[in-house]
Amino acid sequence: STHTHIPSQVNSHLVCVISTLSSFPSGSFRNSFGRSPCLNPSSFRQSLCCSIMKFSSIALATVFFAAKAQGFTGSSIKPRFGVQAHSVLKMSTATETDKMAALATAADEARGLAMDSIAKAHSGHMGLPLGAAEIGAVLYGSQMTYNPKDPTWINRDRFILSAGHGSMFVYSWLNLAGFDLPMEEVKNFRQHHSMTPGHPEFPSSEHNTPGIESTTGPLGQGVSNAVGFAASEKMAEALYNTNDHKIFDHHIFTLAGDGCFQEGVSAEAAAFAAHEKLDNLIVLYDANEVTLDKMAEYTQSEDIIKRYDAYGWETYEIDGHDLETVEKTIAAAKASNNGKPKFIKCNTIIGKGMEETEGTNAAHGEAGVPYVDKAKENLGLPVDEKWFVSAGTRDFFSEVQKTNAAAYGEWQKTYSAWKEANPALAKQLEDSVADNVMPAEDMIKEIPELKSGAEATRVSQNKVIQEISRLVPHYISGSADLHGSTRNYIDGGGNFGSGLDKTYAGKNLYFGIREHAMGSIMNGFAYHGLFKVSGSTFLVFVDYFRATLRVAALSELNRVSYILTHDSIGVGEDGPTHQPVETVSGLRVIPNLDVFRPADAEETVAAMVHSVTHKKGPTALIFSRQNVAQNDDMDYMARREGALKGAYIAKKETEDLDVIIIATGSEVQHALVAAKDMPGARVVSMPCMELYERQSDDYKESVLPSSCTKRVAMEAGVSGLWYKYASKVVGVDRFGFSAPGDIVMKELGMTAENLASEIASMS
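Note that the structure is a prediction, hence the values are computed from the model and not measured.

Caption draft 1: Just helix H9 (residues 221-240), in detail. Along its 20 residues, H9 runs 28 Å from first to last C-alpha, staying within 8% of the 28 Å computed at 1.5 Å per residue. Counting buried residues in H9 gives 17 out of 20 residues, a clear majority hidden from the surface.

Here's what the structure looks like:
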């Protein structure tokens, strides 16, 4: 089946076409791929399917032509192949023929680069770089607009390799396309300090590989990140394009495999993309029918085209090795501004060109290393010359660069005219791109004293987020269907999206009940490089998107923060399923992630300010559901300044120091009450362990002097991490239970009275 609807009036012509197809000699489908006999039934079926599809494009054109002669216009044909049927009849020019030959050569040479690098490393995945080479050739050699000399150009097309295990695919094409990725780095694939790590890594303090747009590897993440890229681009269009000047109009491309679509996060993100009509997103599915353990038929039998149709995507199915079809399909997808994201199923042969492994799950890894020389010989590549790139391919991409440079130059003229006409908007955009924000020490002074009574820190956060939005214009926020509880809605900011009361300029995102997709989409916003984004849910549900939070931390995405409310057993009646006890500590062990659990409204100011001023990595903001007392015995600005250091003295001893009580979040109020009758007690509020650890040794000694070893820590969560600072911990090392929050707190020891009793028992 071609998945294409054929009107009844052309059926008679189709019968003739099918008769012609059936007359083809046996083996002709296999030969059309230039392959030796298939290795297994699944590979044969795949080759047969792809060959039929190649013939079907011509067959449908014949049908269309014959029907058109009888007055049929063909308007009801749905082009799953991305090519209007009549386009096949158009005569190719000599220039087009030359281009296709150049792309074919580049595809084979990219295969050679991948094979040589993986063979040298004895590590890596050959299957995708060999199987998707034609897709790479079309993207980098024809359909994407980019400037290798300005790899961070804000209106470049973006490419995300969601199937990050096939990283030699993108490294090969970046080198060929002229990015600053020297061949020496291609040769150093997967080696220490190289620019070509095992999976693509977004530029950070660890790696800086121009042209890598996101960190991928965990399957499903890249294709979901791409949804965030597309949403960010739509927001940029709405905010910055004017009737006279269009400075944002690029597309987002991502290449993903079977594993990416089996992971549930891609389904969540796909639903969001279709619902918000992100038609600037083009997903290329490397459909090779192979997974790591088995052929894909072992674990999947769905019709993925029908699934994406049901989401509301525009879908295509093509032969992923037919350069002309791939190019025309991508071009059609780019030109279709119909409110639907695009899904192109590219039927491919994994490991194509290496007869011993192609079409099998062995092609996934480095099993093909012993057959590299033979494969290169079969592809017409010099066996004795490793990492071979012909002068013709270099010349071809030099011309591609000239074409892209011309487009870049025209854009620069448009941008200059736009900037002159819109100086305030230009300042806002340039601040957004550079992520210019005032220092935290200055920002806390720009936010008025909150003068709050007893209130939950989630409520305090709602007051502060309005100030953050004012002070950081490129700050946006969203929620996984919990705005009413997490309280992170930006008043007057409008709602993002399509339809109802939404516009693409809205500052409030509604992710639906899709925490995992929310995390990935937020990362996509951050990678895109224009906005700061926060997302909210209940703290206990952070595990639904922990994988995305980990990647954000690994990638040092300081543009991302997480608003996590209902932070402890204080949640009460909802019971242990909604009462996190291990979760905060579980976040604290993630490198590059700052975890901020403020004690009152003024510490909340510091927490929120830190989340938008921190330069290296994301911030998790932990807020209470229940009310907490304010430490009004201490000046509000002193509390803010202290919290920005991660820990500070919230109450100083009035006699010789005898005991230090360390607490965080809602437990600081209990520490302050318990210490009232202890003149030798010092109370230290520690809202952020990570930030405290980055302070000078002198500062840390001033807060927690080593001379005082009698220390107790208190938090309504597991106790383990606190033993770094205290010899005794009053914590909650069990799950909670369903009851009013104050009863749960009392029963599990989270009171001033119990804390005082525990201190009294210390020697």
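Caption draft 2: Highlighting empty space enclosed by the protein. Enumeration according to the criterion identifies five cavities of 30 Å³ or more in this entry. Here the largest cavity is characterised by a volume of approximately 90 Å³. Lining the largest cavity are 14 residues, with Tyr146, Asp157, Phe179, Gly211 and Glu213 sitting closest to its centre. Partitioning the lining of the largest cavity into residue classes produces seven nonpolar, two polar and five charged. Around the second largest cavity sit Leu539, Asp567, Ser568, Pro580, Val581, Glu582, Thr583, Val584, Arg597, Glu715, Ala716 and Gly717, which together line it. Classifying every residue of the lining of the second largest cavity by side-chain character gives five nonpolar, three polar and four charged.

Caption draft 3: Here's a closer look at the packing of aromatic side chains. For the coordinates displayed, the defined rule picks out 31 aromatic pairs. With centroids separated by 5.8 Å and ring planes inclined at 65°, the aromatic side chains of Tyr140 and Tyr146 adopt a geometry described as edge-to-face. Just as Tyr140 is buried, Tyr146 falls in that class too. Clustering of aromatic rings is evident, with ring pairs tying together Trp153, Tyr240, Phe248, Tyr408, Trp411, Tyr415 and Trp418. Just above the ring of Tyr298 sits the side chain of Lys294; from NZ or CZ to the centre is 4.7 Å. In this structure, Lys645 packs its charged tip against the face of Tyr699, placed 5.2 Å from the ring centre.

Caption draft 4: Local environment of unusual backbone geometry. With a phi close to 60°, Glu289 is a non-glycine residue in the positive phi region. By secondary structure assignment, the location of Glu289 is in the loop between strand E3 (281-287) and helix H12 (304-311).

Caption draft 5: Structural context of the sheet that holds strand E18 (residues 728-730). Pairing is mixed in the open sheet, where five strands are placed in the order E14-E16-E15-E17-E18. The sheet terminates laterally at strand E14 (648-651) and E18, the two strands that pair on one side only. Averaged over neighbouring strand pairs, the angle between their axes works out to 30° when direction is ignored. In this sheet, E18 lies alongside strand E17 (residues 711-714) in parallel orientation, the contact comprising three bridges. In the sheet register, Val712 faces E18, and the bridge partner there is Lys728. In this fold helix H29 (residues 752-760) packs onto strand E15 (659-663), E17 and E18, with an angle of close to 165° to the strand it touches most, E18.

Caption draft 6: Inspection of helix H24 (residues 636-643) at higher detail. Burial in H24 covers these residues: Met637, Arg639, Arg640, Gly642 and Ala643. Along its buried surface, H24 packs onto helix H17 (440-446), strand E12 (594-596), helix H23 (601-613), E14, helix H26 (689-693) and helix H27 (697-703).

Caption draft 7: Spotlight on the pattern of salt bridges. Using the criterion set out here, one finds 37 salt bridges in the structure. Arg156 serves as the salt-bridge partner of Glu213, at 2.9 Å between the closest nitrogen and oxygen. Here the residue Glu213 occupies a position in the loop between helix H8 (183-187) and H9, and Arg156 occupies one in the loop between helix H6 (133-143) and strand E1 (158-161), the gap between them amounting to 57 residues. Accessibility expressed as a relative area gives 7% for Glu213, which makes it buried. Lys502 is paired through a salt bridge with Glu276; the nearest N and O atoms lie 3.0 Å apart. Of this pair, Lys502 sits in strand E8 (residues 502-503) while Glu276 sits in the loop between helix H11 (264-275) and E3, and the two are 226 residues apart along the sequence.

Caption draft 8: Representation of the sheet that holds strand E4 (residues 314-319) within the structure. Taken in spatial order, the five strands line up as E1-E2-E3-E5-E4 in an open sheet, and their pairing is parallel. In the strand order of this sheet, the two ends are held by E1 and E4, each with one partner. On average, each strand axis in the sheet is tilted by 20° relative to the strand beside it, whichever way the strands run. Pairing between E3 and strand E5 (residues 342-347): six bridges, direction parallel. Bridging across to E5, Leu284 finds its partner in Ile344. The strands that helix H7 (residues 167-177) touches are E1 and strand E2 (252-256); relative to E1, the one it contacts most, it runs at about 150°.

Quick notes on the rules
Residues numbered from 1 in each chain as written. Predicted model: local features only at pLDDT ≥ 70, side-chain atom pairs only at ≥ 80, totals over all residues. Heavy atoms only, no water. Helix = DSSP H or I, 4+ residues; strand = E, 2+ residues; numbered from the N terminus. Expected span 1.5 Å × (residues − 1). Buried < 20%, exposed > 50% of the residue type's maximum accessible area, 1.4 Å probe, protein only. 1 Å grid on protein atoms, 1.4 Å probe; cavity = no way out; pocket = protein on both sides within 12 Å on 5 of 7 lines; lining within 4 Å. Points joined across faces, edges and corners; volume = space filled by probe spheres on them. Nonpolar A, V, L, I, M, F, W, Y, C, P; charged D, E, K, R; others polar. Phe/Tyr/Trp six-rings, centres within 6.5 Å; stacked < 30°, edge-to-face > 60°. Lys NZ or Arg CZ within 6 Å of the ring centre and 35° of its normal. Pairing = 2+ DSSP bridges. Axes fitted to C-alpha atoms, helices over the stretch in contact; angles between N-to-C directions. Contact = heavy atoms within 4.5 Å. Salt bridge = Lys/Arg side-chain N within 4 Å of Asp/Glu carboxyl O.

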